[in-house]
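Below, each chain spelled out in residue letters.
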Amino acid sequence: MGRLIIVSNRVPSPRERSQPAGGLAVGLKDALREGESLWFGWSGKQVQLHGGDPVPRLDKVGNVTYATIDLTPLQYEGFYQNFSNGILWPLFHYRVGLMNYSRTDWETYLAVNAMFARTLLPLLRPDDVIWVHDYHLFPLGQALRDLGVKCRIGFFLHIPFPPWSLVRSLPGAELLLEDMQSYDLVGVQTPEDAENLNHSLEVNGLPPRGQAFPIGIDPDEFRAQAEKSMQGPEVERLDASLRGAKLVLGVDRLDYSKGLPERFRGYEALLARYPEHRGKVTFLQVAPISRDSVEEYRQLRRQLDELTGRINGAYSEFDWTPIRYITRPLPREVLAGFYRRAEAALITPLRDGMNLVAKEYVAAQDPADPGVLILSHFAGAAPRMDEGILVNPYDPDEIADALHEALTMGLAERRTRWQALEREVSSTTAVSWAADFMRALQAAPVVDRS
Ligand code: GDG
């Protein structure tokens, strides 16, 4: 078999390579272990270029060659910030009203995809297998085919695929769907996403391409990290600071898809309607700031600052604060211990491709005394993790009831629910995800290359 070529918007930096941060990096790390491979994408740097395409920087570590290119500030703005994060991200999370469409950004998006194809082309060999990742790069397969690339090319979408009635709000949506014909296989997270994608293709007279491949984590590595972290100074400090209060934990990038204001209101409803928990529970929300140059994200931050202030102002005692809210990232190993220490995880996205935090929380638990997972129906993880308490994130009272149930649940029920969740997290891992996708890509009928 030829080499595996991974293409993603960002390529992990050398530091992340030794300790991958999320499911994509973990899953791919294992897929990359076998045989020779190449990982191509943006370096994360913006550099002013004077004419012509950037030249990829090559860096070989073991059997993996990392090939990165820089973007110009204009490409960064039009392709990454405006089109990928300001148009595709809201639309694919069912938030058409937040989409700021502009034809110039669409043109920059197509131009950057074509540039990715031109700069990748000289690095390719005829027997390579190419795996393209995520919404930044929908048109890349077609751009490569236009340059005569005949290799097998697969695509995986990490975010949801909404119904055609929403997708069609994007001017040029038909072109994106046509471009998807260049892929031999298109993977999405859930059967619902696959159905939406295939229906969109069908109404446009195109053959189906979508198949569900739910992404997972490396549960053994995460469990080991959580166990180790319990002995560390941070968990000890957290534990001492709680002074016997139960811990409810939320961990999310600060993003409007994650349902944070609704979640804060749910916790507020718990304090209002179940006063017995006042002083006996603490909600810790870790929400590292992301995409802060996009206005919607700055607005969300202001809203959360205000909500936290209001709830803490109304319910705090001089020796107890209901919400602790951190907008900086915590080290992964510290986070793992916090998951294990928490009596409940509150994960309530309004829409999420999968949600790896839910899986990490389950993997981190102590089997003898596990915590309770509260999870939104609208996370891609929900259909296969329905032994958690599933909630509608739009209803603060339902979140409050779920919190009350979690905080008062007996050990036997917590164990039964957790065991079922743990079976799911251990059977659908990052490694099995990448292997299943690659197997299906190899077996997929070859698309017409003429
Ligand atoms: C996209 C899709 C899909 C979070 N805060 C900190 C931190 N994290 C880590 C978590 C987890 C990762 O970031 C977040 O992954 P999610 O899956 O929850 O969400 P997205 O970032 O939106 O990822 C999503 C995923 O792609 C994979 O396909 O599941 O639906 O939206 O690993 O632990 N890590 C550290 N400090 C933090 O403060 N170190």
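Residues numbered from 1 in each chain as written. Predicted model: local features only at pLDDT ≥ 70, side-chain atom pairs only at ≥ 80, totals over all residues. Heavy atoms only, no water.

Counting its regular elements, the protein contains 17 helices and 14 strands. C-alpha atoms of the protein, sized along the principal axes, occupy 70 × 40 × 40 Å. Counting the 450 residues in the protein, one finds 58% classified as buried. A sequence separation of at least 24 residues applies to 78% of the contacts in the protein between residues at least 6 apart. Counting every atom, the protein has about 18,500 Å² of accessible surface; 51% of that belongs to carbon and sulfur. (Helix = DSSP H or I, 4+ residues; strand = E, 2+ residues; numbered from the N terminus. Buried < 20%, exposed > 50% of the residue type's maximum accessible area, 1.4 Å probe, protein only. Contact = heavy atoms within 4.5 Å. Areas by Shrake-Rupley, 256 points an atom, 1.4 Å probe, with all protein chains shown as cover.)

Within strand E6 (residues 152-156), five of the five residues are buried, which leaves the element mostly enclosed by the surrounding structure. Burial along E6 is two-sided: Arg152, Gly154 and Phe156 and Ile153 and Phe155, pointing in opposite directions, are all buried. Of the pairings in the sheet, the one linking strand E5 (residues 129-133) to E6 comprises five bridges and is parallel in character. Looking at E6, one finds that His133 is bridged to Phe156. Judged from the three bridges that link them, E6 and strand E7 (residues 185-188) form a sheet pairing that is parallel. The partner of Gly154 across the bridge, within E7, is Leu185. (Pairing = 2+ DSSP bridges.)

What follows is about the site of the ligand. As a structural note, the neighbourhood of the ligand is formed by 23 residues, with His158, Leu330, Asp352, Met354 and Glu360 the closest of them. Note that an oxygen atom of the ligand is positioned 3.0 Å from one of the backbone N or O atoms of Asn355. Coverage of the ligand by the protein amounts to 85% of the 740 Å² it exposes when considered alone. Secondary structure elements with two or more residues in the shell around the ligand: helix H13 (332-341) and helix H14 (356-364). Along the lines of polarity and charge, the residues of the shell around the ligand split into 14 nonpolar, four polar and five charged. The two domains that each donate at least three residues to the shell around the ligand are domain 1 (4-216 + 431-443) and domain 2 (219-427). (Near = heavy atom within 4 Å. Polar contact = N/O pair within 3.5 Å; in protein donor to acceptor, adjacent residues only side chain to side chain. Nonpolar A, V, L, I, M, F, W, Y, C, P; charged D, E, K, R; others polar. Domains from an automatic or database assignment.)

Moving on, we get to the sheet that holds E6. Judged by pairing direction, the sheet is mixed, and its eight strands sit side by side in the order E3-E4-E2-E1-E5-E6-E7-E8 without closing on themselves. Strands with a single pairing partner mark the edges of an open sheet, and in this sheet they are strand E3 (57-61) and strand E8 (210-212). Taken pair by pair, the neighbouring strands of this sheet meet at an average axis angle of 25°, ignoring direction. For strand E1 (residues 4-10) and strand E2 (residues 37-46), the ladder comprises five bridges, and the chain directions are parallel. Among the inter-strand pairings, Leu4 is bridged to a residue of E2, identified as Ser37. (Axes fitted to C-alpha atoms, helices over the stretch in contact; angles between N-to-C directions.)

Looking at the secondary structure, you find His136 in the loop between E5 and helix H5 (140-146). His136 sits 21 residues away from Leu157 along the chain, and the two C-alpha atoms are 9.6 Å apart.

The subject of this paragraph is the domain arrangement of the protein. When the domains of the protein are assigned, the result is domain 1 (4-216 + 431-443) and domain 2 (219-427). One C-alpha centre belongs to domain 1, the other to domain 2, and the line joining them spans 30 Å. Listed by partner, the interface residues are 26 residues for domain 1 and 22 residues for domain 2. A buried area of about 1,900 Å², summed over both sides, lies between domain 1 and domain 2, and 54% of it is on carbon and sulfur atoms. The interface formed by domain 1 and domain 2 contains zero salt bridges. Counting across the interface, domain 1 meets domain 2 through seven residue pairs in polar contact (both at pLDDT 80 or more). Looking at the side of domain 1 that touches domain 2 element by element, the count peaks at five residues for helix H3 (residues 73-92). (Buried area = accessible area lost by both parts, 1.4 Å probe. Salt bridge = Lys/Arg side-chain N within 4 Å of Asp/Glu carboxyl O.)

Close contact between helix H10 (residues 233-242) and H13 brings their axes to 9 Å; oriented N to C, the two are set at 40°. Judged by the angle between their axes, H10 and H13 are oblique. H10 and H13 meet at a crossing whose hand is right-handed. Residues Glu234, Val235, Leu238, Asp239 and Leu242 of H10 lie in contact with H13, whose contacting residues are Val334, Gly337, Phe338 and Arg341. Among the residues forming the contact of H10 with H13, the class breakdown is five nonpolar, one polar and three charged. (Parallel < 35°, antiparallel > 145°, perpendicular 65-115°, else oblique. Left-handed = near helix turned anticlockwise from the far one by under 90°.)

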